[in-house]
Amino acid sequence: MDREEFFTEDVLADKIYDRAVIRKLLSYVLRYKASAFLSVFIVLITTVLFLLCPYLFGYAIDHGISKGDKTLVYRTALAILGIQTLRLILVVVQSYNIQAIGQKVMLDVRMELFRHVQSLPVSFFDKNPVGRVVTRLTNDIAAIGELFSAGVIVVIGDVFIIIGIFVAMVMLNGKLALITLSVFPIIVIIALWFGKHMKNSFREIRRKLARINAYLNENITGMKVVQLFNREKKNYKKFDEINDDYLKEQVRYIRYFAVFQPAINMVSALAVGLVLWYGARRYMHGFLTLGVLVSFLAYIHDLFDPIRDIVEKYNIFQGAMASSERVFGLMQEPAEVDYVIPHPSREVSRKDFKGDIEFQNIWFAYNGNDYVLKDISFRIKPGQSVALVGVTGSGKTSIASILTRLYEIQKGTILLDQIDIRKIEKVGLRYVVGLVSQDVFLFAGTLRDNITLFNPIPTATVLETIGALGLMPFIDRMSGGLDMEIAERGANLSVGERQFISLSRIILYDPRVIILDEATSSMDPLSEVLIQNAMQKVTQARTSIFIAHRLSTILHCDKIIVLNKGKKVEEGSHEELLRLGGLYSQLYRVYMKEELIGHG
Ligand SMILES: Nc1ncnc2c1ncn2[C@@H]1O[C@H](COP(=O)(O)OP(=O)(O)OP(=O)(O)O)[C@@H](O)[C@H]1O
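Residues numbered from 1 in each chain as written. Predicted model: local features only at pLDDT ≥ 70, side-chain atom pairs only at ≥ 80, totals over all residues. Heavy atoms only, no water.

An unreviewed UniProt entry annotates the chain as ABC transporter ATP-binding component of Candidatus Brocadia fulgida. Listed in UniProt under the heading Subcellular location (unreviewed entry), the comment for the chain reads: "Cell membrane". (UniProt positions renumbered as here; feature names shortened; annotations may be inferred.)

### Some details on the packing of aromatic side chains
One pass over the structure, following the stated rule, counts 21 aromatic pairs. Each ring, one from tryptophan 193 and one from tyrosine 256, has its centre 6.1 Å from the other, and the planes form 75°; the classification is edge-to-face. Taken together, the residues tryptophan 193 in helix α9 (residues 184-221) and tyrosine 256 in helix α11 (residues 232-284) connect sequence positions 63 residues apart. A relative accessible area of 45% means that tryptophan 193 is categorised as partly exposed. Here tyrosine 256 falls in the buried class, since its relative accessible area comes to 15%. Look at tyrosine 366 and tyrosine 407: their rings are 4.9 Å apart centre to centre, the planes differ by 85°, and that puts the pair in the edge-to-face class. Taken together, the residues span a long stretch of sequence, with tyrosine 366 in the loop between β1 (357-365) and β2 (371-380) and tyrosine 407 in the loop between α13 (396-403) and β4 (411-416) at a distance of 41 residues. (Phe/Tyr/Trp six-rings, centres within 6.5 Å; stacked < 30°, edge-to-face > 60°. Helix = DSSP H or I, 4+ residues; strand = E, 2+ residues; numbered from the N terminus. Buried < 20%, exposed > 50% of the residue type's maximum accessible area, 1.4 Å probe, protein only.)

### So, the pairing of strand β11 (residues 559-564)
The buried fraction of β11 is high, at five of six residues. Pairing analysis gives five bridges linking β11 to strand β12 (residues 567-572), with the strands arranged antiparallel. The partner of isoleucine 561 across the bridge, within β12, is glutamate 571. Remark: two residues form the turn of the hairpin made by β11 and β12, two consecutive strands paired antiparallel; lysine 565 in that turn has positive phi of roughly 45°. (Pairing = 2+ DSSP bridges.)

### Topic: the sheet that holds β1
Pairing is antiparallel in the open sheet, where four strands are placed in the order β2-β1-β4-β5. In this open sheet, the two strands that pair with only one neighbour each are β2 and β5 (419-420). In the sheet, β1 pairs with β2 via six bridges, with the strands oriented antiparallel. Bridging across to β2, isoleucine 362 finds its partner in isoleucine 376.

### Some remarks on the site of the ligand
With respect to spatial proximity, 15 residues lie near the ligand, and among them Gly393, Lys396, Thr397, Ser398 and His549 are the closest. In this structure, glycine 393 approaches the ligand through a main-chain N or O atom, which is 2.9 Å from an oxygen atom. Between serine 398 and the ligand, the recorded distance is 2.5 Å, taken from a side-chain N or O atom to an oxygen atom. Protein chains bury 66% of the 640 Å² of accessible surface belonging to the ligand in isolation. Ranked by residues supplied to the shell around the ligand, first place goes to α13 with three residues. (Near = heavy atom within 4 Å. Polar contact = N/O pair within 3.5 Å; in protein donor to acceptor, adjacent residues only side chain to side chain. Areas by Shrake-Rupley, 256 points an atom, 1.4 Å probe, with all protein chains shown as cover.)

Pasting the structure below:
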């Protein structure tokens, strides 16, 4: 999927009503039952109050002004003032109440979605770009919020008002009501025509805005490459095109919008004209009172605002429905399974865990039957250190991933202390098996935060642990020591420094089994010696697995397992494998030659 499709997928949904989505939305709203019912109650009351005023105008004319009853006129005027004041107060309460419900619903949905996203398996993130997941948590949830802020309740009120006005009209005078109704086909045609065009234009606006976002995102993230390859002018021109496209669409939308309102006003004027013409004749012939005519005209005046409101808000509601559908869709993604084999036999505990690992005929594929590990078996005894060796793509990292259950295997059994790891709770498993992976992820915060992963570990303990392993020179090198601020994704650190942090992290985490994936690949010889010595100390009492291309870092290992195209091809000590004269000895010979050339 290219970027364009990726974003259009997000904006082209075309639904205004989906029962399942509405039911789910309602379940969130109903968490705040009292506020929700208060809202509905206020809508009903304000609608009735709204409908009362035009009626009272007519009443004052027919029973007060026509008959010279000043008291009645004053009383009616006071009643209208009272009604409008009450309505105003209720509108304020309503506005606060509904916005508060909207914000609370947004908070609940966002928290629930975040919790769910945290529970999703790593394979989900392989298939779904980060941008899309973030959009669900931000823009889509904001669109749900718009349902409330744009006034879903106001639109419900609008519908009540339209129905109420018709009921009032029919009750006042059936014939005049029919005349008013006669302009409705025109309204329907206008609303449908403008609705369709405004919807298409609105959709295009969202698509073009998404293009702007995608373009900016890519350009700002890749600014280094843009500048190094002198792409600024070209990219500026391209951005100008995209921006211009967006502007044109916005103008098109504004044009529709600008014409739509007067069009409705024209129909409203037509209805007023018709009613005035027919009503005046009926009045002159004595079939209609002046009060009824005035009430009627006032009702017509109030009838067209809610119609316009509904058409204008249609797009917002449609967008909100589509966003809700996507948010709830993400919530239904299956979460990680803790116990693939039900009924856990025994939990592992860090204290009495020995660190015995056994792979029995393991088959593993990321996708379908595309196996990247084929029938792998080996045993690592407690405290042993083992190296995984093989060319790029032979499956070394995949072994680390399935041992920590970032991915589930398809066939075979992995035993930890003779327990099938699929019977072990993941939290427990990841306490005892620690992984230092190839790509070190750093969070915004201080060096200390990144080493402790925001756990409240005293500074003295951090320094003591790092000092005992002889790694203090790394900290001394950083300006500000443990308090040094790390930029987003560690942009202000060298690759070697990032690896040091990742290693310190795992040392403090103190797992019984340590997997080190290319842990010293980007260090200068001096730093590498420091890390090597530290690792020797760290791995002494632990089962450890080294994944390294630099064969010098694994010579001390008790055992070397050689992988090729997902299969285990050799297993033994360094000397044994050299004697065997197979793949390992070839790799070693090439490596030694390179080292010699490299060191001149
Ligand atoms: N998340 C993934 N989804 C699909 N395929 C993957 C994924 N990760 C790795 N692979 C594929 O699995 C195979 C084994 O990859 P793996 O990372 O285990 O190799 P490796 O031996 O660790 O390589 P390197 O030495 O380059 O790190 C490769 O063909 C790779 O393309």
